[in-house]
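# Descriptive structure summary
Spelled out from the first residue to the last, the chains are:
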Amino acid sequence: MILHWQRNRLPGGGGQPAGPAGSGIDSLAGVSDKPGVKNLFDLSGRHALVTGAGGGIGTAICRGFAAHGASVACLDVVQGAAESAADAVRDQESRGFPIVCDVTRPEQVSCSVARVLDEFGSLDILVNLAGRGMLKPAADIALEEWDHIVNVFLRSTFQFCREVGTHMLERGTGSII
């Protein structure tokens with residue numbers, strides 16, 4: 001896909017761009033019909049694992065990957081959220097399946113990655129998105145809560161990167177987000 005930036009000019013040739021929110025950009029879209037130009041966003045035949053898939057951003061990422069042809073494993077700690085994200089993938093006519101995993105439990109992370117590899121045979125994309133913010137002053141956060149935050153945001157990200165990264169290194173390809 002080749003992106004084309006289109007600018008509207010003010011009437012009378014004022015030369016100032018106009019567009020949404022004063023950005024001057026009317027659209028950022030378009031697919032090139034030129035022969036030999038490959039769709040830069042084509043993910044056909046690719047396999048993705050998205051942690052935190054049940055949240056708003058996670059589901060949007062799953063849906064976006066699926067819209068461009070990827071199969072997506074939708075991982076979340078809440079079963080209904082993982083299933084909902086997988087449904088969103090299937091709504092895009094791509095292969096999606098839910099995985100329930102508590103990312104603070106290393107054995108569940110390992111089993112989840114193994115399950116995805118069994119299902120897809122390979123992984124091309126990992127998105128580390130698991131986690132929820134805590135809206136309170138640092139002085140009010142208990143040490144146990146802090147440990148949980150570190151385990152979700154940092155430790156699980158490291159473990160997923162290590163587990164999936166090892167597979168990607170063996171294949172010689174892959175992307176971690």
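Now for a description of the structure that goes with this document.

About the criteria used
Residues numbered from 1 in each chain as written. Predicted model: local features only at pLDDT ≥ 70, side-chain atom pairs only at ≥ 80, totals over all residues. Heavy atoms only, no water. Helix = DSSP H or I, 4+ residues; strand = E, 2+ residues; numbered from the N terminus. Buried < 20%, exposed > 50% of the residue type's maximum accessible area, 1.4 Å probe, protein only. Contact = heavy atoms within 4.5 Å. Areas by Shrake-Rupley, 256 points an atom, 1.4 Å probe, with all protein chains shown as cover. Phe/Tyr/Trp six-rings, centres within 6.5 Å; stacked < 30°, edge-to-face > 60°. Axes fitted to C-alpha atoms, helices over the stretch in contact; angles between N-to-C directions. Parallel < 35°, antiparallel > 145°, perpendicular 65-115°, else oblique. Left-handed = near helix turned anticlockwise from the far one by under 90°. Nonpolar A, V, L, I, M, F, W, Y, C, P; charged D, E, K, R; others polar.

### With respect to the overall build of the protein
Along the backbone of the protein there are 4 helices and 9 strands. Of the regular secondary structure in the protein, the N- to C-terminal order runs β-β-β-β-β-α-β-α-β-α-β-α-β. A total of 177 residues make up the protein; the buried ones form 33% of that total. Counting contacts in the protein only where the partners sit at least 6 residues apart, residues at least 24 apart contribute 60% of the total. A total accessible area of about 10,300 Å² is found for the protein, and carbon and sulfur atoms account for 55% of it.

### Considering the packing of aromatic side chains
The full count for this structure, using the stated rule, is 1 aromatic pair. Between Phe97 and Phe120, the ring centres sit 5.3 Å apart and the planes meet at 75°, which makes this aromatic pair edge-to-face. Of this pair, Phe97 sits in strand 7 (residues 96-100) while Phe120 sits in helix 3 (residues 106-120), and the two are 23 residues apart along the sequence. Each member of the pair, Phe97 together with Phe120, is buried.

### Regarding the packing of helix 1 (residues 56-67) against helix 2 (residues 79-91)
Running from N to C, helix 1 and helix 2 cross one another at 25°; their axes reach a closest spacing of 8 Å. Taken together, the axis directions place helix 1 and helix 2 in an arrangement best described as roughly parallel. Considering how the two elements wind past one another, helix 1 and helix 2 form a crossing that is right-handed. Facing helix 1, whose interface residues are Thr59, Cys62, Arg63 and Ala66, helix 2 presents Ala85, Ala88 and Val89. Looking at the contact of helix 1 with helix 2 residue by residue, the classes come out as 5 nonpolar, 1 polar and 1 charged.

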